[in-house]
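# Observations on the model geometry
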Amino acid sequence: MAYWKGVIEEYRPYLPVTEKTPVITLKEGDTPLIHARNISRKLGNGLEVHLKFEGLNPTGSFKDRGMTMAMSKAVEDGAKVVVCASTGNTSAAAAAYAAHAGISCAVFLPHGSIALGKLAQSLIYGAKVIAIEGSFDKALKLTRELADKHPVTMVNSNNPYRIEGQKTAAFEIVDTIGDAPEYHAIPVGNAGNITAYWKGYKEYHQKGKARQLPRMCGFQAAGSAPIVEGRVVEDPHTLATAIKIGNPFSWKSAEAARDESKGVIEAVTDDQILEAYQMLAALEGIFCEPASAASLAGVIKKNKEKYFTEGKRRIVCTLTGHGLKDPDRAVAVSGKPAVVKPEMDEILKVLKL
Ligand code: F0G
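What you see is a predicted model, and the numbers here were worked out from it, not measured in a lab.

So, about the sheet that holds strand β6 (residues 153-154). A sheet is described by the order of its strands in space; here four strands give the open sequence β5-β4-β3-β6, paired in parallel fashion. Two strands bound the open sheet, and with one partner strand each, they are β5 (128-132) and β6. Alignment of strand β4 (residues 104-110) against β5, held across five bridges, turns out to be parallel. Within β5, the position partnered with F108 by the bridge is I130. Each of β3 (81-85) and β4 touches helix α4 (residues 89-101); the most contacted strand, β4, lies at about 170 degrees to it.

Structure representation (structure tokens):
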């Protein structure tokens, strides 16, 4: 059996690389598409929900797909330093791929709004970690200013190679189920990923690899839903810190994905996100981070509204990041373990046996 070679080698004809491009890879991609039988049954209406679990990438999120491309092209162009602003996952991926490439990395994070696991990643991979006393949007603006004036390469999703790499997730889904699903649900933050999936689905469709295109259903957190509200949100808030973004970079292309695919971009509340987050773990054994569960939360919401039409309806939900990124949230929603004396009687009492 052949080894998986990472998304650049696996999808080379679809990506802007040449034989001169040094491939910086941690063998990202090839993530499982998992049929969520229990959740599908609970939703009823004949829906078939599949989960693209991107938490199983090398740094625990979908960002690795884009970062292998951005870093390979940066090294090809002679970059010595890469920079990004991040709610935690882009920075983890940038730090890891920069380490692998042997170049420097600086990351700008909104102080106090980063899940613990993500902060740990940027630090241990050896990036220069700068916590900005302000929002992600402020950090992004500063990063752009820095990149405009200094010899550093920006690896946020304004870097087109990021989108190119991330579109490979759509290819994998089509390669797995033999066509595009009828619907694709995805969390929306800076809006690069919905842009990337739509690009991927369209390219595979044009090449005849997929017969149909999905409706793209993007979900923002209610406290930070600029696309839904049609205005910049100055002070975004949500416990889904990964998508706590008030002025997304790829705003226009996310709207284009929604409109061209005849889909939706809507908001889900933090309570709806947490309900989906716990359902995924308890009903399917899949532990994703809170922001990732916005995709399923949106599907539950839209199903109640009878949005999904008759006939065969496959819905793929992207679960963007791993639950271990944010252990504090998991403990907070689950309650404490039962602490007992080291005696069988005590244990039996707790287990009610
Ligand atoms: N889910 C997770 C876990 C994320 O980390 C992000 C974005 C998104 C969803 C939304 O994706 O921005 O392409 O719309 N995280 C970025 C970061 C902003 O800095 O890690 P998007």
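Turning to the packing of aromatic side chains, a few remarks are in order. Two numbers describe a pair of aromatic rings. These are the distance of the centres and the angle of the planes. Per the stated rule, a full pass over the model turns up nine aromatic pairs. Relative to F308, the ring of Y307 lies with its centre 5.2 Å away and its plane at 75 degrees, an arrangement referred to as edge-to-face. Judged by relative accessible area, which is 19%, Y307 ranks as buried. An aromatic cluster is present here, built from Y11, Y14, F171 and Y204 joined pairwise through their rings.

For a regular strand, side-chain orientation follows a simple rule: the groups alternate between the two sheet faces. Where burial is concerned, most of strand β7 (residues 183-187) is hidden: five out of the five residues are buried. When β7 meets strand β8 (residues 215-221), the two strands line up parallel, connected through five bridges. In the strand pairing of β8, H184 is matched with M216. In this structure, β7 lies alongside strand β10 (residues 313-319), joined through three bridges in parallel fashion. The residue of β10 that forms the bridge with H184 is V316.

A word on the pairing of β4. Here β4 lies mainly inside the structure; six of its seven residues are buried. Sheet topology note: the β3/β4 ladder contains five bridges and is parallel. Paired with V82 across the bridge in β4 is C105. With helix α5 (residues 116-124) bridging β4 and its parallel neighbour β5, the resulting β-α-β unit is right-handed.

Another aspect to go through is the nonpolar core. Counting 39 residues, the largest nonpolar core has L51, I273, L280, L296, V299 and C317 as the members making the most contacts within it. Elements supplying a minimum of two residues to this core: α2 (37-43), β2 (47-53), β7, β8, β9 (264-268), α12 (270-284), α13 (294-304) and β10. The leading source of residues in this core is α12, at six residues. The next biggest cluster of nonpolar side chains, apart from the first, holds 29 residues, and it includes A169, V174, W198 and A254.

Looking now at the sheet that holds β2. One open sheet holds the six strands; their spatial order is β1-β2-β10-β7-β8-β9, and the pairing between them is mixed. For this open sheet the edge positions go to β1 (33-35) and β9, each flanked by a neighbour on one side alone. The sheet shows a mean angle of 25 degrees between the axes of neighbouring strands, direction not considered. Of the strands in this sheet, β1, β2, β8, β9 and β10 touch α12, which is tilted by about 95 degrees from β9. Against the sheet, α13 contacts β2, β7, β8, β9 and β10, and its axis sits at roughly 100 degrees relative to β9.

Another point: the environment of P236. Among the secondary structure elements, P236 is positioned in the loop between α10 (226-229) and α11 (251-260). A C-alpha to C-alpha distance of 18 Å links P236 and F108, two positions 128 residues apart in sequence.

Moving on, we get to the site of the ligand. Taken together, 19 residues form the shell around the ligand, and within it S86, G189, N190, A191 and T320 come nearest. The separation between an oxygen atom of the ligand and a polar side-chain atom of N89 is 2.8 Å. Burial of the ligand by the protein amounts to 98% of the accessible area it has alone, namely 470 Å². Only α4 and α9 (192-206) provide two or more residues apiece to the shell around the ligand. Of the residues in the shell around the ligand, the class split is seven nonpolar, ten polar and two charged.

Across the interface, helix α8 (residues 168-177) lies against α9 with an axial gap of 7 Å and an inter-helix angle of 50 degrees. For the element pair α8 / α9, the angle class is oblique. Between α8 and α9 lies a crossing of right-handed hand. Within the contact between the two elements, α8 uses A169, A170, F171, I173, V174 and D175 and α9 uses Y197, G200, Y201, E203 and Y204.

The rules behind each value
- Residues numbered from 1 in each chain as written.
- Predicted model: local features only at pLDDT ≥ 70, side-chain atom pairs only at ≥ 80, totals over all residues.
- Heavy atoms only, no water.
- Pairing = 2+ DSSP bridges.
- Helix = DSSP H or I, 4+ residues; strand = E, 2+ residues; numbered from the N terminus.
- Contact = heavy atoms within 4.5 Å.
- Axes fitted to C-alpha atoms, helices over the stretch in contact; angles between N-to-C directions.
- Phe/Tyr/Trp six-rings, centres within 6.5 Å; stacked < 30°, edge-to-face > 60°.
- Buried < 20%, exposed > 50% of the residue type's maximum accessible area, 1.4 Å probe, protein only.
- Right-handed = clockwise from strand over helix to strand, strands pointing away.
- Core = buried A, V, L, I, M, F, W, Y, C linked by side-chain atoms within 4.5 Å.
- Near = heavy atom within 4 Å.
- Polar contact = N/O pair within 3.5 Å; in protein donor to acceptor, adjacent residues only side chain to side chain.
- Areas by Shrake-Rupley, 256 points an atom, 1.4 Å probe, with all protein chains shown as cover.
- Nonpolar A, V, L, I, M, F, W, Y, C, P; charged D, E, K, R; others polar.
- Parallel < 35°, antiparallel > 145°, perpendicular 65-115°, else oblique.
- Left-handed = near helix turned anticlockwise from the far one by under 90°.

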